[in-house]
Amino acid sequence: MTSPETSHSDAERDAAPQFVLPLVIRIEKAAPPARTDSLETAARAVLVLLSDERAAAEGGEWYEAVRDWQDARIRKVVRRARGAEWRRAEALPGVTVTGERAELRVFPPVPLDGWPKDLARLQVSGTELEDPEPPAAPDPARPVLWLSPEVGMSAGKAMAQAGHGAQLAWWELPEAEREKWRASGFALAVRTPDAARWAELTESGLPVVRDAGFTEIAPGSCTVVADHPALREPGGPGTTGTSR
């Protein structure tokens, strides 16, 4: 299967109209979510949107916007909201996805310079989240999105990158595996390996996200390896995606 991200050259993608996938994380002052929970919820939110009939079925309400977004670079931007800001965001067309405590809303893609005003006014900065304790080792039977131990990222940036990794894995999976993942509620983990394991992962043939360098980190930086059990087979498909 050829993914939208690999069917066009960088020049072709950059020449196309540019769209962005907005994600809004709810961060209330009194009870902010944990970092890992937020990253995992963001990744799941991207998959929920991609599998939504409004986005996936030709003629669906969001189909053309998602198609055009995937034909360009798969940019994602995470903003934060609380209180009335969050309530206004909830009123816009989209899907809210929850984790253990994290709550995040994903919206259909919008033009890069055409954000709805209730989203455009939200802040990108201020998503510095912490884990109260180190996350447990991931279940080897579940998909894992491995974050680079070599690249420092804000929580918002890492959420976007985890979403990219989930999307690359989704593109590579046959329909039967997609259905299994959907039936599990898109169970997954986001973890950071040690340097030795990271080196192995980046050479494994699994889908790799390389950042386009629009924010925070250098262009071409490898940020995520998408380790789905169905893609671990010897000779299985591998994708390198360049995105925001």
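Conventions and cut-offs
Residues numbered from 1 in each chain as written. Predicted model: local features only at pLDDT ≥ 70, side-chain atom pairs only at ≥ 80, totals over all residues. Heavy atoms only, no water. Helix = DSSP H or I, 4+ residues; strand = E, 2+ residues; numbered from the N terminus. Buried < 20%, exposed > 50% of the residue type's maximum accessible area, 1.4 Å probe, protein only. Contact = heavy atoms within 4.5 Å. Areas by Shrake-Rupley, 256 points an atom, 1.4 Å probe, with all protein chains shown as cover. Salt bridge = Lys/Arg side-chain N within 4 Å of Asp/Glu carboxyl O. Core = buried A, V, L, I, M, F, W, Y, C linked by side-chain atoms within 4.5 Å. Pairing = 2+ DSSP bridges. Phe/Tyr/Trp six-rings, centres within 6.5 Å; stacked < 30°, edge-to-face > 60°. Lys NZ or Arg CZ within 6 Å of the ring centre and 35° of its normal.

**Considering the overall build of the chain**
Each helix and strand in the chain was counted, giving nine helices and ten strands. Looking at the chain as a whole, 51% of its 244 residues are labelled buried. Sequence separation of 24 or more characterises 78% of the internal contacts of the chain that already satisfy a separation of 6 or more. By element, 49% of the accessible surface of the chain is carried by carbon and sulfur atoms, the whole surface being about 11000 Å².

**Here we look at the pattern of salt bridges**
Scanning all chains against the criterion turns up eleven salt bridges. Residues Arg-121 and Asp-118 are paired through a salt bridge, measuring 2.8 Å at the closest nitrogen-oxygen approach. By relative accessible area, which is 45% here, Arg-121 ends up partly exposed. With a relative accessible area of 17%, Asp-118 lands in the buried category.

**Topic: the nonpolar core**
Grouped together as the largest cluster of nonpolar side chains are 57 residues, with contacts concentrated most on Leu-23, Leu-145, Met-159 and Trp-181. The biggest single contributor to this core is helix α7 (residues 155–172), with ten residues. Other than its neighbours up to four places away in sequence, Leu-145 contacts Ala-43, Ala-162, Gly-165, Ala-166, Leu-188, Ala-189, Val-190, Arg-191, Val-224, Val-225 and Ala-226. Within the second largest apolar cluster, twelve residues are counted, among which are Val-77, Ala-89, Val-110 and Leu-122.

**What to know about the pairing of strand β6 (residues 144–147)**
Along β6, one buried face is formed by Val-144 and Trp-146 and the opposite face, lined by Leu-145 and Leu-147, is buried too. By the bridge criterion, three bridges tie β6 to strand β7 (residues 189–191) in an arrangement that is parallel. Counterpart to Val-144 in the pairing with β7 is Ala-189. As paired elements, β6 and strand β9 (residues 222–227) share four bridges and run antiparallel to each other.

**Remarks on the packing of aromatic side chains**
On inspection of all chains with the given rule, the structure shows two aromatic pairs. Every member of this aromatic cluster is reached through a ring pair, and the members are Trp-170, Trp-181 and Phe-186. Over the ring of Trp-115 we find Arg-79; its NZ or CZ atom is 4.2 Å from the centre of that ring.

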